[in-house]
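# An overview of the molecular structure
Letter by letter, the chains look like this.
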Amino acid sequence: MSGHPKNNALTPEDFTGMKLTEPKGTAAGLPAVFSAVRHILDEMDPIRATKVMFELNQMGGVDCPGCAWPDPKDHRSKLGEYCENGAKAVAEEATTKKLEADFFEQFSIEEMGQQSDYWIGKRGRILQPMLLEKGASHYKEIDWEAAFRIIADELNALPTPDDAIFYTSGRTSNEAAYLYQLFVRMYGTNNMPDCSNMCHESSGVALIETVGIGKGSVTLEDFYETEIILVIGQNPGTNHPRMLNALKKAKRNGAKIITINPLPETGLIRFKDPQSVGDVLGDGTALTDLFLQVKINGDVPLMKAILKQLCVRERKNPGTVFDADFIRAKTNGFDALIEDIDSHDLHELSKASGISSQQIDEAAEMLSGSKKIIACWAMGLTQHKNGVGNIQEVVNLLLLKGSIGKPGAGTCPVRGHSNVQGDRTMGIWEKPKDAFLDKLESEFDFAPPRAHGLDVVDAIKRMHDESGKVFFAMGGNFLSAAPDTDFTGAALRNCSLTVHVSTKLNRSHLVTGKRAIILPSLGRSDEDIQNGVKQFVSVENSMGVVHSSQGRLKPLGKKLLSEPAIVAGLAMATLKPNDKADWTALGSNYDLIRDKIEATIPGFDNYNVRVRTPTGFELPNNARYGNFDVIGGTAKFTINEVPKNELAENEMIMTTVRTHDQFNTTIYGLNDRYRGIFNERRVILMNQSDIDRQGLVKGDVVDIWNEHSNIKRCAPSFLVVPYDIPEQCTVTYFPETNVLVPIDSVAVKSNTPTSKLVKITLKKVAV
Ligand SMILES: Nc1nc2c(c(=O)[nH]1)N[C@H]1C(S)=C(S)[C@@H](COP(=O)(O)OP(=O)(O)OC[C@H]3O[C@@H](n4cnc5c(=O)[nH]c(N)nc54)[C@H](O)[C@@H]3O)O[C@H]1N2
Ligand SMILES: Nc1nc2c(c(=O)[nH]1)N[C@H]1C(S)=C(S)[C@@H](COP(=O)(O)OP(=O)(O)OC[C@H]3O[C@@H](n4cnc5c(=O)[nH]c(N)nc54)[C@H](O)[C@@H]3O)O[C@H]1N2
Ligand SMILES: [Mo]
């Protein structure tokens, strides 16, 4: 049994003083502006603040290190094309607080580990490479050469390159990611797990199978001419605030919005554009037309119920609801799909989804007459056992309506990290395609490893079961982001060496291998000058547009290196010289990296010229143009089972979400303003009837338990908060409850941890 209460040092359990208000009815508006300004000025002086904020998301400026929502092509607000949470992301990175070597002398890793993630993250930017020697209690400064030497020696001492694991988080630029994967493959492994494995992997798998491309098909312009937008399992008001501008414009152009979520998320109800005087003074724009408050993991039965009601209408008036021409010419599997839909009982589907047949009918009515539908989704669909099925069921709807491959319609998986999509395009993938490896082979004259590598979950299991691995992370916070924190912690401690290329301190630096190294890198907003020449990098947004990003702020310290320079340094220390890969040149002149990308990855012709145009360029996208040749010419309908989530009397389902004050494991503050929860993260949101049934009252303290494959896991000390959520459904914040997500509870086919579906029981704690 693991995770006994009060014996879990991986996440401190102190309460911070909860205050509750009613959830907000409107997102953004002036409170968002005030919040943004406060966060920025907490971290830097007004001159630096003004400089960075005016550059953010401008053409040729800094790409926001927050989410991957695209920038408008035409009009970009002079006031700053950013949002409250983009401002917080920049403030966090562009802070002038310095984390120098004396800090690490003062605090042992144990002392730091007892602090909250909020405290840890707020210490400032790491400014020099740090080494934790075997058995040592404190990190000590080390120079770059020595750090590279240690890592190279450890890597070269491994019995096989497959004993090393190279993680990537999605903030890494195209240039750094490409160089990194090249180094890793020249070293000899495809063990390249990335944050995608925990994020949109289910979307990638689902979409490749059905429409032949693992990315979304829509562009921003499609939002302006669509008729219906579905927003499923996504909280854009917090996680993609600039999407609300697109939704507002869509609404003004006549679109209707259907929202599918267990929570009535504020951003989807009403939005005040902080940059529109009319909005700020008035009521703003009502966004959602139909809110379907689905049970957690009730999406497949809900989609099936809607499809069923669409079938009824199509049968009544043949040719008016489905797009028969599209189905005939461009799809396969239609008859089997209809047979499956017919086999389900509407009443059962309604019960399983938690949505009344009347509301199902309303949704069907809205969808039946429209021909242009966009489906947006995020983690509410992907992080389930049937994450792939969730998305494929949505694709079924789009295909029936012919809503893919034409303007105003298509798939829109809304990506998380600002360059997570670009990293995959660059080859950060544990399952690289042979065609790509062939290109690397001929361009760089080496034999890339062909066996597929480990993804996040499999890498954790391998590190857990076999000692002596080397774990290297390009960004991110692996320990806290991964499932089953105790298990993952044990896995990292089992390594001979753990290395993190990081901007800020996080918990992964504190739960380490026998030895550990922190390599401090420049961030997106930092100026990057190599041999006297200003460099820029490029990123790909959620809609497949590649554009440049140039940092403008003077770096806080002289010892910071850029990510490409770090990879180059490491490659030179580790690999035998290779005439075709001049690491010194590549690490200091990013045009040369882009030339190599152009030579080995389709869609990047003339990269160095096109990336210098103000709005960048679009990558090829077969689904956008209704071309399904890569999967045999037709898109595929799929049959997806209705999940069975049987719960015992006292069991509930827990989903984990982000607050309004965090970026993944980086905690900007302790408030979740829109949900009316202030100054506390250790909360569990519950339906009042469940609170009553469990004999609890608001503010009670409970331990949360999960039992899976005979292992009991516990997240101690959470405050009960009544909330508008379906019965037997509960919500907690990520990463505090990652201890409860079992390592072997993963999505079928995508292997994504089921962070949105954890069975729990509660135990009241006497206080
Ligand atoms: N400010 C900020 N921006 C971010 C991030 C951040 O942490 N902070 N993270 C970035 C990253 S990496 C990502 S991946 C995205 C994440 O963006 P989101 O996916 O919006 O993030 P979550 O908070 O995980 O929210 C998931 C939503 O799904 C709903 N949900 C939960 N379970 C279910 C279900 O079973 N069915 C349905 N239909 N809905 C469900 C929740 O109520 C919630 O509204 O945001 C990115 N942008
Ligand atoms: N329970 C639960 N778990 C989840 C999720 C969930 O919804 N629920 N969501 C999952 C998702 S969608 C994702 S994407 C993962 C996120 O997993 P990760 O990407 O691993 O985590 P982050 O918190 O985004 O990483 C933050 C760290 O990145 C480093 N960093 C920031 N900027 C830079 C930079 O420019 N360069 C470098 N080198 N380092 C930088 C900083 O040191 C910071 O501490 O978590 C997953 N885990
Ligand atoms: Mo993500």
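Residues numbered from 1 in each chain as written. Chains lettered and ligands numbered in written order. Predicted model: local features only at pLDDT ≥ 70, side-chain atom pairs only at ≥ 80, totals over all residues. Heavy atoms only, no water.

### Considerations on the sheet that holds strand β7 (residues 164-168)
With respect to topology, 6 strands assemble into an open sheet ordered β6-β5-β18-β17-β16-β7, the strand pairing being mixed. Strand pairing shows two members of the sheet lacking a second neighbour, β6 (140-141) and β7, which therefore form its edges. Inspection of the sheet shows strand β5 (residues 130-132) paired to strand β18 (residues 515-520) by 3 bridges, in the antiparallel sense. Residue pairing across strands places Leu 131 opposite Ile 517, the latter belonging to β18. Against the sheet, helix α7 (residues 144-157) makes contact with β5, β7, β16 (470-474), β17 (497-502) and β18, and its axis sits at roughly 135° relative to β18, the strand it touches most. Relative to β16, helix α27 (residues 563-574) is tilted by about 155°, and along the sheet it contacts β16, β17 and β18. (Pairing = 2+ DSSP bridges. Helix = DSSP H or I, 4+ residues; strand = E, 2+ residues; numbered from the N terminus. Contact = heavy atoms within 4.5 Å. Axes fitted to C-alpha atoms, helices over the stretch in contact; angles between N-to-C directions.)

### Topic: the pattern of salt bridges
As enumerated under the stated definition, the model contains 47 salt bridges in all. Between Lys 304 and Asp 340 there is a salt bridge, with its nearest N and O atoms 2.8 Å apart. Separated by 36 residues along the polypeptide, Lys 304 in helix α15 (residues 299-316) and Asp 340 in helix α17 (residues 334-343) bring together distant segments of the chain. Residue Lys 304 shares its accessibility class with Asp 340, and that shared class is buried. When the shortest N-O distance is used, the salt bridge between Glu 727 and Arg 693 registers 3.6 Å. Of this pair, Glu 727 sits in the loop between β31 (711-722) and β32 (729-733) while Arg 693 sits in helix α31 (residues 688-693), and the two are 34 residues apart along the sequence. Connected through salt bridges with shared partners, the residues Glu 43, Glu 92, Lys 97, Lys 122 and Lys 504 form a single ionic network. (Salt bridge = Lys/Arg side-chain N within 4 Å of Asp/Glu carboxyl O. Buried < 20%, exposed > 50% of the residue type's maximum accessible area, 1.4 Å probe, protein only.)

### Observations concerning the layout of surface pockets
Here the largest pocket defines a volume of roughly 1200 Å³. What lines the largest pocket is a set of 33 residues, and nearest its centre among them are Ile 208, Ile 213, Lys 215, Trp 429 and Lys 433. Of all elements in the fold, only α9 (201-211), α22 (420-425) and α23 (434-444) reach the threshold of two or more residues within the lining of the largest pocket. Two domains share the lining of the largest pocket, each providing at least three of its residues, namely domain 1 (125-198 + 422-612) and domain 2 (212-413). (1 Å grid on protein atoms, 1.4 Å probe; cavity = no way out; pocket = protein on both sides within 12 Å on 5 of 7 lines; lining within 4 Å. Points joined across faces, edges and corners; volume = space filled by probe spheres on them. Domains from an automatic or database assignment.)

### Regarding the packing of aromatic side chains
Considering all chains together, one arrives at 20 aromatic pairs under this definition. Residues Phe 107 and Trp 119 carry aromatic rings whose centres are separated by 5.5 Å and whose planes lie at 70° to one another, so their mutual orientation is edge-to-face. Placement of the pair is Phe 107 in the loop between α4 (101-106) and α5 (109-113) and Trp 119 in helix α6 (residues 117-121), with a sequence separation of 12 residues. Comparing Phe 107 with Trp 119 shows no difference in burial state: the two are buried. (Phe/Tyr/Trp six-rings, centres within 6.5 Å; stacked < 30°, edge-to-face > 60°.)

### Remarks on the domain arrangement of the chain
By the assigned domains, the chain splits into domain 1 (125-198 + 422-612), domain 2 (212-413) and domain 3 (647-764). At the junction of the two partners, domain 2 supplies 22 residues and domain 3 supplies 26 residues. Interface area for domain 2 against domain 3, summed over the two sides, is near 2000 Å², with a carbon-plus-sulfur share of 62%. In terms of surface lost to domain 3, no three residues of domain 2 exceed Ile 296, Gln 383 and Lys 385, which account for 32% of the buried area on that side. Summed over the shared surface of domain 2 and domain 3, the number is 1 salt bridge. (Buried area = accessible area lost by both parts, 1.4 Å probe.)

### Looking at the sheet that holds strand β29 (residues 683-686)
Adjacent strands of a sheet pair through backbone hydrogen bonds, lying either parallel or antiparallel. As summarised here, the arrangement of the 6 strands in space is β25-β32-β29-β31-β30-β33, forming a closed barrel in which the pairing is mixed. Sheet twist, expressed as the average angle between the axes of neighbouring strands with direction ignored, equals 45°. When strand β25 (residues 652-657) meets β32, the two strands line up parallel, connected through 5 bridges. For Thr 656, the partnering residue across the bridge sits in β32 and is Thr 732.

### Quick look at the site of ligand 2
Contacts to ligand 2 come from 30 residues, most closely from Tyr 167, Ala 481, Glu 563, Thr 665 and Asn 738. One of the side-chain nitrogen or oxygen atoms of Ser 169 is found 2.7 Å away from an oxygen atom of ligand 2. With respect to ligand 2, the side chain of Asn 738 contributes an N or O atom lying 2.7 Å from a nitrogen atom. Alone, ligand 2 offers 930 Å² of accessible surface; in the complex the protein occludes 96% of this. In terms of residue class, the shell around ligand 2 is built from 9 nonpolar, 16 polar and 5 charged. Looking at which domains feed residues into the shell around ligand 2, each of domain 1 (125-198 + 422-612) and domain 3 (647-764) gives three or more. (Near = heavy atom within 4 Å. Polar contact = N/O pair within 3.5 Å; in protein donor to acceptor, adjacent residues only side chain to side chain. Areas by Shrake-Rupley, 256 points an atom, 1.4 Å probe, with all protein chains shown as cover. Nonpolar A, V, L, I, M, F, W, Y, C, P; charged D, E, K, R; others polar.)

### Regarding the packing of α15 against α17
What describes two packed helices is the angle between their axes and the distance between those same axes. Following both chains from N to C, one finds α15 and α17 inclined at 105°, their axes separated by 9 Å at the closest point. Comparing their axes, α17 and α15 come out roughly perpendicular. Of the residues in α17, those touching α15 at Lys 304, Leu 307, Lys 308, Cys 311 and Arg 315 are Ile 338, Asp 340, Ile 341 and Asp 342. Here the contact of α15 with α17 is built from residues that sort into 4 nonpolar, no polar and 5 charged. (Parallel < 35°, antiparallel > 145°, perpendicular 65-115°, else oblique.)

### Points about unusual backbone geometry
Residues Phe 734 and Pro 735 are joined by a peptide bond in cis, for which omega reads 10°. On the secondary structure map, Pro 735 appears in the loop between β32 and β33 (758-764). For Asn 531, which is not a glycine, the phi torsion comes out positive at approximately 50°. Structurally, Asn 531 can be placed in the loop between β19 (529-530) and β20 (533-534). Taking the relative accessible area as the measure of exposure, Asn 531 reaches 69% and is therefore exposed. Positive phi outside glycine occurs at Asn 751, with the angle close to 60°. Mapping Asn 751 onto the fold places it in the loop between β32 and β33. On the basis of relative accessibility, which here comes to 18%, the residue Asn 751 falls in the buried class.

### Details of the side chain of Thr 172
When you line up the elements, Thr 172 lands in the loop between β7 and α8 (174-187). Reaching out from Thr 172, the side chain makes a polar contact with the backbone oxygen of Ser 169 at a distance of 3.3 Å. Excluding residues within four positions of it along the chain, Thr 172 makes contact with Ala 177, Asn 419, Asp 423, Met 474 and Glu 563.

### Quick notes on the environment of Arg 125
Structurally, the position occupied by Arg 125 is in strand β4 (residues 125-126). The buried category is assigned to Arg 125, whose relative accessible area is 1%. For the pair Arg 125 and Leu 397, spaced 272 residues apart in sequence, the C-alpha to C-alpha distance is 47 Å. At a separation of 2.7 Å, a polar atom in the side chain of Arg 125 contacts the side chain of Asp 526.

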